[in-house]
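The residues making up each chain are set out below.
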Amino acid sequence: MQSEVASAIYKALEIAKKSNLLQCQIPAQIILERPKNRDHGDYATSIALTLAKQANLQPRVIAQVIIDSMNSNNLLTPAGISKTEIAGPGFINIFLATASQAAIIPKIISTGKEYGSSNLLVGKKINLEFVSANPTGPLHLGHTRWAAVGDSLGRVLSAAGAEVTREFYVNDRGNQMDLFGASIRAAALNQPRPESGYHGEYIEDLANQIQKSNPDLISLPESESIAAFRDAGYKLQLAQQNRVLDNFGTHFDVWFSEKALYENNFFDHSLNKLKAQGHVYESEGAIWLRTTDFGDDKDRVMIKSDGSFAYFASDSAYYVSKRERGFNLCIYMLGADHHGYVGRIKAIAACAGDDKDKDVEILIGQMVKIIEGGEEIKLSKRAGTIITLEELVEKVGKDAARYTLTRFPTDTPMVMDVDLLRKNTNENPVYYVQYAHARICAVLRNAKDYGIDYEIKSFNPELLVHERERELIGLLAEFPRIVSAAAQAREPHRVARYIEDLASQYHRFYNDCRVLPLGDEKPTELNSARATLCLATAQVISNGLDLLGVSAPEKM
RNA sequence: GCGCCUGUAGCUCAGUCGGAUAGAGCAACUGCCUUCUAAGCAGUAGGUCGCAGGUUCGAUUCCUGCCAGGCGCGCCA
């Protein structure tokens, strides 16, 4: 409906311009908004206000010209418009005819799971990198935020037509890995762990497991033994992360090994590529990338003066790898403690000859705090430091954890209240939304028992005239727009906020509009039409929850 | 010192092409179930949108400065 309305306005403007009633440039897109206030119609546009200046006319005069043009050229009825009015400084409020508004219902049902999808990002091949935790310990809260939001963003981008690869970068080389190996070995020997090593309880678990399956490692010469413990521990820990993420509903397409960047001369290849662009130089015995050419604070060392690779070497080669694997957009999701990397990653892209504003995007996730019993939880037995993903899921369940983490924009620090997430009331938005879905399913089960026919083919759109019905339908029609906007802005939380609105709107409808017959009444066409509306609503809630990776239960 | 993020109701937070009377949940108060799931709905109350300027028909939204809080500024990974 929306596009019909927009094009009707567009045509009206064109005609008015042709007949010299208006002198202005017609914008390519007519923006329709949903007014907050229902009295302002189903849609409203401020087009007359924005054109006022260049047309050199009062906004209200322009609005009148547009409306006259729509009237005299018979544009209203075909677009499903029943009424227009000019309001305030020059808004045009648009009211839809019942039947044309309700036409979205069968469309939703027949489109099913695909309703909300678009081709907005068709042709975009996106590398979505998130979590990328070091394989030296369990995933903690910061990772958890990305595990939820990143996965959801992947779903939203896919729904917008993009081809998305979810990627986890495994830092499987370097000092940290060696410290990790030494820590496990120390635990196996019952010796004190290295000063700056790893101290969580899980290190002992790893040591025990390795001892059990490979009792010989302990007796190897020290450096070999550390390496052996490192490699064995790394495999176990990575598998543990994989398993936990899997339980969480977050699945990666690629687990990319940092070590692999140094195999088959790939690093040299990527270095040559950067050299060819002219931003590599040597100084004080080290090899540098001149990232300051592109706004970074300082140049970065790739190969240290002792000949070893700096971490940044991997970053640069990794970027080259992504681009060579055919991705035309690389999205990095980083924790706030890494936001200092934004400049240098962008600079790598630019040094590789890419457009740092278009080919790379970096999303920063702010910190997550978790409170229970009114106090912040800081300690985790397992990790030795902060609470883990696994522990969070044990406490509140997968759905509540995922939902809560995805319903806030990532650039805001957030507080999770464990006690609240365990509540089954509308304090807890997950249950609020899921409950709406379960409620609809119950109504539909009962409708079936009544023999009420809510198939598309018997749907009569003229009957849904109640204010609550119209509001609900209007909101259902918004869903594709919400998903597209969420994809465009890389903000999956918009989907969450939308389904909360939708759930609320459904509950209001449910309260005021009886779906099923009362007592001995015989089912009417209105019962059917309302049941069909219920079915469409359930579909949209379910699609929305699915984009967040949260289940849509049929019973609660 | 420099950079990024944040500041909206008592609390937790929404509010991007700048739009009409700034919203939701909780907490407080008042109603609604012998009939669809009350895990729900309706109502009352609650605000100098951090502060001060600027841009314009119009600013919570854009720009500048300031104040407050969080985080980051290695030839570590």
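Residues numbered from 1 in each chain as written. Chains lettered and ligands numbered in written order. Predicted model: local features only at pLDDT ≥ 70, side-chain atom pairs only at ≥ 80, totals over all residues. Heavy atoms only, no water.

Right, let's talk about the side chain of Ser314 for a bit. Inspection of the secondary structure assignment puts Ser314 in helix 11 (residues 311-324). The class of Ser314 is buried, set by a relative accessible area of 0%. One polar contact links Ser314 to Tyr262, side chain to side chain, over a distance of 2.8 Å. Those residues within four positions of Ser314 in sequence are excluded, and the remaining contacts are Tyr169, Arg173, Glu258, Leu261 and Tyr262. (Helix = DSSP H or I, 4+ residues; strand = E, 2+ residues; numbered from the N terminus. Buried < 20%, exposed > 50% of the residue type's maximum accessible area, 1.4 Å probe, protein only. Polar contact = N/O pair within 3.5 Å; in protein donor to acceptor, adjacent residues only side chain to side chain. Contact = heavy atoms within 4.5 Å.)

It is worth spelling out the packing of aromatic side chains at this point. Taken as a whole and judged by the stated rule, the model has 15 aromatic pairs. With a centroid separation of 6.2 Å and an interplanar angle of 40°, the aromatic rings of Tyr506 and Tyr510 are classed as tilted. On the criterion of helical spacing, the pair formed by Tyr506 and Tyr510 is a turn pair, its members being 4 residues apart in helix 18 (residues 493-512). Residue Tyr506 is classed as buried on the basis of its relative accessible area of 0%. (Phe/Tyr/Trp six-rings, centres within 6.5 Å; stacked < 30°, edge-to-face > 60°.)

Attention now goes to the domain arrangement of chain A. Each assigned domain of chain A is listed with its residue range as follows: domain 1 (2-96), domain 2 (104-118 + 425-548) and domain 3 (175-247). The centre of domain 1, based on its C-alpha atoms, is set 68 Å off from the matching centre of domain 3. (Domains from an automatic or database assignment.)

What follows covers the environment of Ala162. Along the chain, Ala162 turns up in the loop between helix 6 (141-159) and strand 5 (163-170). Under the relative-accessibility criterion, Ala162 is labelled buried at 9%. Along the chain, Ala162 and Leu120 lie 42 residues apart, while their C-alpha atoms are 7.9 Å from each other. With residues near it in sequence (within four places) discarded, Ala162 still touches Leu121, Lys124, Ile126 and Leu157.

Quick look at the packing of helix 5 (residues 104-111) against helix 19 (residues 525-548) now. Where helix 5 meets helix 19, the closest approach of the two axes is 9 Å, and the angle between their N-to-C directions is 50°. The pairing of helix 5 with helix 19 is recorded here as oblique in orientation. For the pair helix 5 and helix 19, the crossing hand works out as left-handed. For the pair helix 5 and helix 19, the contacting residues are Ile105, Ile108 and Ile109 in the first and Thr532, Leu533, Leu535, Ala536, Gln539 and Val540 in the second. Classifying every residue of the contact of helix 5 with helix 19 by side-chain character gives 7 nonpolar, 2 polar and no charged. (Axes fitted to C-alpha atoms, helices over the stretch in contact; angles between N-to-C directions. Parallel < 35°, antiparallel > 145°, perpendicular 65-115°, else oblique. Left-handed = near helix turned anticlockwise from the far one by under 90°. Nonpolar A, V, L, I, M, F, W, Y, C, P; charged D, E, K, R; others polar.)

What follows is about the sheet that holds strand 10 (residues 329-335). Strand order in the open sheet formed by 5 strands is 6-5-4-10-11, and the pairing between neighbours is parallel. The strands lining the two open edges of the sheet, one partner per strand, are strand 6 (254-257) and strand 11 (360-365). Between one strand axis and the next, the sheet turns by 25° as a mean value, whatever way the strands run. Bridge analysis of strand 5 against strand 6 gives 4 bridges, and the strand direction is parallel. Residue pairing across strands places Phe168 opposite Trp255, the latter belonging to strand 6. Seen against the sheet, helix 9 (residues 222-247) touches strand 5 and strand 6 and runs at an angle of roughly 145° to strand 5. Set on the sheet, helix 12 (residues 342-351) makes contact with strand 10 and strand 11; between it and strand 11 the angle comes to about 165°. (Pairing = 2+ DSSP bridges.)

Our focus in this paragraph is the pattern of salt bridges. By the definition in use, this model includes 26 salt bridges. Linking Arg38 and Asp42 is a salt bridge whose minimum nitrogen-to-oxygen distance equals 3.4 Å. Put simply, Arg323 and Asp359 hold a salt bridge, and the shortest N to O gap is 3.6 Å. With Arg323 in helix 11 and Asp359 in the loop between helix 12 and strand 11, this pair connects stretches of sequence that are 36 residues apart. Given the relative accessible area of 13%, Asp359 is considered buried. One salt-bridge network, held together by shared partners, links Arg38, Asp42, Glu467 and Arg470. (Salt bridge = Lys/Arg side-chain N within 4 Å of Asp/Glu carboxyl O.)

Regular strands show a simple pattern: their side chains alternate between the two faces of the sheet. Where burial is concerned, most of strand 11 is hidden: 6 out of the 6 residues are buried. Neither face of strand 11 is left uncovered, since the one carrying Val360, Ile362 and Ile364 and the one carrying Glu361, Leu363 and Gly365 both have all their residues buried. Taken together, the 6 bridges between strand 10 and strand 11 define a ladder with parallel strand orientation. When the bridges of strand 11 are listed, Met333 appears paired with Leu363. As for the winding sense of the linkage, the β-α-β connection from strand 10 through helix 12 to strand 11 is right-handed. (Right-handed = clockwise from strand over helix to strand, strands pointing away.)

Let us look at helix 11. Given a rise of 1.5 Å per residue, 14 residues ought to cover 20 Å, and the 20 Å separating the end C-alpha atoms of helix 11 matches this to within 8%. For helix 11, the tally of buried residues reaches 11 of 14 residues, placing the bulk of the element in the interior. Positive phi shows up at Gly326, right after helix 11, with a value of about 95°. (Expected span 1.5 Å × (residues − 1).)

Further remarks concern the nonpolar core. Among the nonpolar cores identified, the biggest contains 111 residues, and Ile105, Val131, Leu157, Phe180, Met333, Tyr403 and Met416 are the most heavily contacted of them. The greatest single-element share of this core, amounting to 11 residues, is contributed by helix 19. Taken together, domain 2 (104-118 + 425-548) and domain 3 (175-247) each give at least three residues to this core, which thus spans both. What Tyr403 contacts, discounting residues up to four positions off in sequence, is Pro429, Val430, Val433, Ala496, Ile499, Glu500, Leu545, Leu548 and Val550. (Core = buried A, V, L, I, M, F, W, Y, C linked by side-chain atoms within 4.5 Å.)

Moving on to the environment of Arg34. Looking at the element boundaries, Arg34 is found in the loop between helix 1 (2-18) and strand 1 (43-45). Between the C-alpha atoms of Arg34 and Gly295, which are 261 residues apart in sequence, the distance is 41 Å. Contact partners of Arg34, with chain neighbours within four places excluded, come to Asp42, Tyr43, Glu471, Gly474, Leu475, Glu478 and Arg481. Among the polar contacts listed, one links the side chain of Arg34 to the backbone oxygen of Gly474, at a separation of 3.5 Å.

Among the secondary structure elements, Val244 is positioned in helix 9. Exposure remark for Val244: the relative accessible area of 7% places this residue in the buried category. C-alpha separation for the pair Val244 and Ser7, spaced 237 residues apart in sequence, amounts to 49 Å. Contacts of Val244, omitting those with residues within four sequence positions, involve Leu389 and Glu390.

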